[in-house]
Amino acid sequence: MADKYQPMPEHKFTFGLWTVGNIGRDPFGEPTREPLSPVELVYLLSEVGAYGVNFHDNDLVPIDATPAERDKIVADFKKALDDTGLVVPMATTNLFGSAVFKDGAFTSNDPKVRAYAIQKTLNAIDLGVELGAKIYVFWPGREGTESDATKDPVTAIKRNREAMNFFCEYVLDKGYDLRFALEAKPNEPRGDIYNSTTGHMLAFIETLDHPELVGVNPEVAHEHMAGLNFTHGVAQALESGKLFHIDLNDQSFGRYDQDFRFGMVNIKSAFFLVKLLEDYGYDGSRHFDAHAYRTEDYEGVKDFARGCMRTYLILKEKAAQWNADKEIQALLAEINADDGSMDKYFGAYSADKAQALKAQSFDRNALAKRGMQYERLDQLTVELLLGVR
Ligand code: GCO
Ligand code: MN
Ligand code: MN
């Protein structure tokens, strides 16, 4: 559809090789699509108008590839990037697929597995940097337990920290222009995963040796799986300068990990998310970590990818419309009315200020009587989203 909702490079829409390359396998059924090669996926992404492509080390280079095979694969991939103009803004490590990671990677109880996981990540960082990645994601998919009899959670935190500190030093030592983004998920594939929400990750980052190199990669589905308000988590990351990357998709509350097309389930929460990102000038990738329904062929995969970007752009337009809507803005001005009489009590603490505030009298009952008009405001928002404003 040639209209104003066409993806452009400045929108920074990216997809993982594993997203459009998802072959429709689920725990109950066999794949429904033939695999495409990384090069074919680059051309598919170029056709739908994506800006960039991200990958796990083994999405691109099979885990058992020889060095010569690796070099050939990387060369072919680079050629496809050159041909299409696609870039690689982010890379990551697969620390969950191989059976060796059945008890986790950096938090595994087996020191040889922990060392192997660190080695694998060092190589994967080199690969990502070679292809131009500036953001490196850590998703602790297997860093968790089914039973807490099996692993000490404090030890797990320490192992995780030690690994992250090691990678920060590695990047500094190598002079790489690379920052890390930690992605939380509450469960799946482990019964419970450590650092289960974006909030946990933000707190963990502050305990690292180089917190300035590390931010977060929040994902819609993961916070919704935990029953949380995703926009609030993203706002916390953004406000503290830690929103390095974002995984957009959709998910019904209380379900398994669905990875649906962005905006497919909850348009209103997707709207407030897009509005937040656009209002506050988030300038990182808009990465879609989702996949097409298992019912689709590759034409359906393209419909899926186009749909993610198109919905984002429509919601971006709706956010601008909301910000320009006179009735909504007048209502907001009324809701936030401020005669300045309380200014003297806000801001930095002083003993005099505290003293004065304690002496101020408030008519609590009168204050409580004020109607906030939020019903009207939300209804106006719903009508705008439904296209009748
Ligand atoms: C999931 C995760 C992953 C990660 C990916 C990049 O639920 O499986 O979202 O898709 O985002 O491994 O680190
Ligand atoms: Mn996910
Ligand atoms: Mn993700």
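Thresholds, definitions, all that
Residues numbered from 1 in each chain as written. Chains lettered and ligands numbered in written order. Predicted model: local features only at pLDDT ≥ 70, side-chain atom pairs only at ≥ 80, totals over all residues. Heavy atoms only, no water. Domains from an automatic or database assignment. Contact = heavy atoms within 4.5 Å. Buried area = accessible area lost by both parts, 1.4 Å probe. Salt bridge = Lys/Arg side-chain N within 4 Å of Asp/Glu carboxyl O. Polar contact = N/O pair within 3.5 Å; in protein donor to acceptor, adjacent residues only side chain to side chain. Helix = DSSP H or I, 4+ residues; strand = E, 2+ residues; numbered from the N terminus. Nonpolar A, V, L, I, M, F, W, Y, C, P; charged D, E, K, R; others polar. Pairing = 2+ DSSP bridges. Buried < 20%, exposed > 50% of the residue type's maximum accessible area, 1.4 Å probe, protein only.

This part takes up the domain arrangement of the protein. Along its sequence, the protein is carved into domain 1 (9-324) and domain 2 (326-385). One C-alpha centre belongs to domain 1, the other to domain 2; they are set 39 Å apart. At the junction of the two partners, domain 1 supplies nine residues and domain 2 supplies ten residues. Overall, the association of domain 1 and domain 2 removes approximately 840 Å² of surface from exposure, summing both partners, and the carbon and sulfur fraction of that is 66%. The largest per-residue losses of area from domain 1 upon contact with domain 2 belong to Lys268, Lys318 and Trp322, which jointly make up 64% of the total buried on that side. A salt bridge links lysine 268 to aspartate 378; the nearest nitrogen and oxygen atoms lie 2.9 Å apart. Our count for the domain 1 to domain 2 interface comes out at six residue pairs in polar contact (both at pLDDT 80 or more). Breaking the side of domain 1 that touches domain 2 down by element, the ones donating at least two residues are helix H10 (267-279) and helix H11 (298-324). Of all the elements, H11 adds the most residues to the side of domain 1 that touches domain 2, at six residues. When the residues that make up the side of domain 1 that touches domain 2 are grouped by side-chain class, the tally is five nonpolar, two polar and two charged.

With parallel pairing, the eight strands of this open sheet are ordered in space as S8-S6-S4-S3-S2-S1-S10-S9. Both outer strands of the open sheet, strand S8 (214-216) and strand S9 (247-248), are each paired with one neighbouring strand and no more. Pairing of strand S1 (residues 13-16) with strand S10 (residues 286-288), which is carried by three bridges, proceeds in the parallel orientation. Note on S10: the bridge partner recorded for phenylalanine 15 is phenylalanine 288.

Take unusual backbone geometry next. Between glutamate 188 and the following residue, proline 189, the backbone shows a cis peptide bond with an omega angle of 10°. Assignment of secondary structure puts proline 189 in the loop between strand S6 (179-182) and strand S7 (192-193). One non-glycine residue, lysine 12, lies in positive phi territory at about 55°. Overall, lysine 12 belongs to the partly exposed group, its relative accessible area being 27%. Unlike most non-glycine residues, glutamine 373 shows phi in positive territory, near 65°.

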